[in-house]
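# Residue-level structural notes
Here is how the chains run, residue by residue.
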Amino acid sequence: FGTRSVAAAQAAAQGYGIALSEPVVTDSAEGLAARLSAASGGQLPDAVYLPSVRGGFEAQAAAISAAGVQILGSDQWAAITPQRIPALQGAWFAAPDPIGFEAFAIALEERVETEAGIVAGLAFDAIEMARLLGRLGQQSAEGLQRPAGFSGVLGPYKILPSGLVERGLAVLKVADGATTLIGAPSV
């Protein structure tokens with residue numbers, strides 16, 4: 001996942017004309033600050049993208065935080081309750097807008113008596129997309145790739161001609177034992 005996240009971050013950065021440091025992909029926190037500094041031309045970077053929550057995630061976060069570097073994360077963080085990890089205080093991560101997802105999650109949890117997760121949100125969004133396209137009589141490739149995209153419980157999304165999905169995620173900040181919305185989703 002880390003390697004794929006690096007490739008996606010590099011492609012996104014290139015599209016915006018941003019130069020990234022050489023990636024450091026590791027499961028270990030040992031010597032991490034020194035490796036980040038070396039990859040950034042001898043000084044620590046302003047921020048580090050720490051997408052995966054496996055391996056030595058908490059130790060890595062602690063090493064990055066101790067070095068005074070801003071930590072950035074992926075939507076995988078939504079599954080780990082990041083506000084409970086001291087090293088993530090002040091970190092930012094992308095995730096579905098919790099405000100938009102909350103009403104869906106509460107309704108589903110009351111109905112099926114189990115916790116609603118991201119996969120349930122994806123399934124609901126897919127069904128609603130199919131229902132909308134059927135109602136509009138646009139069940140076609142053109143309908144799927146409509147410029148307006150779709151609004152789902154996980155946020156706005158578009159299906160691109162390549163078949164990939166562009167999804168608008170919120171930016172959340174971990175602070176004071178909670179996560180707060182600092183950037184609304186858009187595509």
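Scroll up a little and you will see the structure.
Here goes a summary of the coordinates provided.

Turning to the pattern of salt bridges, a few remarks are in order. A full pass over the atoms with the stated rule returns 2 salt bridges. One salt bridge connects arginine 167 with aspartate 125, and the closest N-O pair in it is separated by 3.4 Å. Of this pair, arginine 167 sits in strand β6 (residues 165–167) while aspartate 125 sits in helix α5 (residues 118–136), and the two are 42 residues apart along the sequence. Here arginine 167 falls in the partly exposed class, since its relative accessible area comes to 25%. The salt bridge partner of arginine 131 is glutamate 128, with a shortest N-O separation of 2.8 Å.

Within the largest apolar cluster, 19 residues are counted, with the highest numbers of intra-cluster contacts made by Leu50, Ile64, Ile71, Trp77 and Leu88. For this core, the secondary-structure elements that each account for two or more residues are α2 (32–39), α3 (57–66), β3 (92–95) and β7 (170–175). When residues no more than four places from it in sequence are discounted, the contact partners of isoleucine 71 are Val48, Leu50, Ala61, Ile64, Ser65, Trp77, Ala87, Leu88, Ala91 and Trp92. Phe101, Phe104, Ala116 and Leu154 belong to the second-largest nonpolar core, a separate cluster that totals 6 residues.

Attention shifts here to the pairing of strand β5 (residues 155–159). Judged from the 3 bridges that link them, strand β4 (residues 150–152) and β5 form a sheet pairing that is antiparallel. Within β5, the position partnered with serine 151 by the bridge is proline 156. Between β4 and β5, which pair antiparallel one after the other, the connecting turn spans 2 residues. Pairing analysis gives 3 bridges linking β5 to β6, with the strands arranged antiparallel. Bridge pairing in β6 places lysine 158 opposite glutamate 166.

Close contact between helix α4 (residues 98–112) and α5 brings their axes to 11 Å; oriented N to C, the two are set at 100°. In terms of orientation, α4 and α5 fall into the roughly perpendicular class. Facing Phe101, Phe104 and Leu108 of α4, the residues of α5 in contact are Ile118, Ala120, Gly121 and Phe124.

Here we take up the sheet that holds strand β2 (residues 70–73). Pairing is mixed in the open sheet, where 5 strands are placed in the order β1-β2-β3-β7-β8. Each having just a single partner strand, β1 (47–49) and β8 (178–183) make up the two edges of the open sheet. The sheet shows a mean angle of 30° between the axes of neighbouring strands, direction not considered. In terms of strand pairing, β2 meets β3 through 2 bridges, oriented parallel. Bridged to glycine 73 within β3 is phenylalanine 93.

Calculation criteria
- Chains are numbered independently. Their residues run from 1 in the order of the written sequence.
- Local features in this predicted model are restricted to residues of pLDDT 70 or higher, and side-chain atom pairs are both shown and tallied only at a pLDDT of 80 or more, whereas totals for entire chains, interfaces and linings draw on every residue.
- Hydrogen atoms and water are omitted, and side-chain values are computed over all heavy atoms in the structure.
- The term salt bridge refers to a side-chain nitrogen of Lys or Arg lying within 4 Å of a carboxyl oxygen of Asp or Glu.
- By definition, any uninterrupted DSSP run of H or I lasting at least four residues is a helix, any uninterrupted run of E lasting at least two residues is a strand, and each is numbered from the N terminus.
- Burial classes: relative accessible area under 20% of the type maximum marks a residue as buried, over 50% as exposed, and values in between as partly exposed (1.4 Å probe, protein chains only).
- Among buried residues, the Ala, Val, Leu, Ile, Met, Phe, Trp, Tyr and Cys ones that are joined through side-chain atoms within 4.5 Å form a nonpolar core.
- Note on contacts: a residue pair is in contact if any heavy atoms of the two residues lie within 4.5 Å.
- For two strands to be treated as a pair, DSSP must find no fewer than two bridges joining them.
- Axes here refer to lines fitted to C-alpha atoms; in helices the fit is confined to the stretch in contact. Angles between the N-to-C directions go from 0 to 180 degrees.
- Orientation is classified from the angle alone, with under 35 degrees giving roughly parallel, over 145 giving roughly antiparallel, 65 to 115 giving roughly perpendicular, and any other angle giving oblique.

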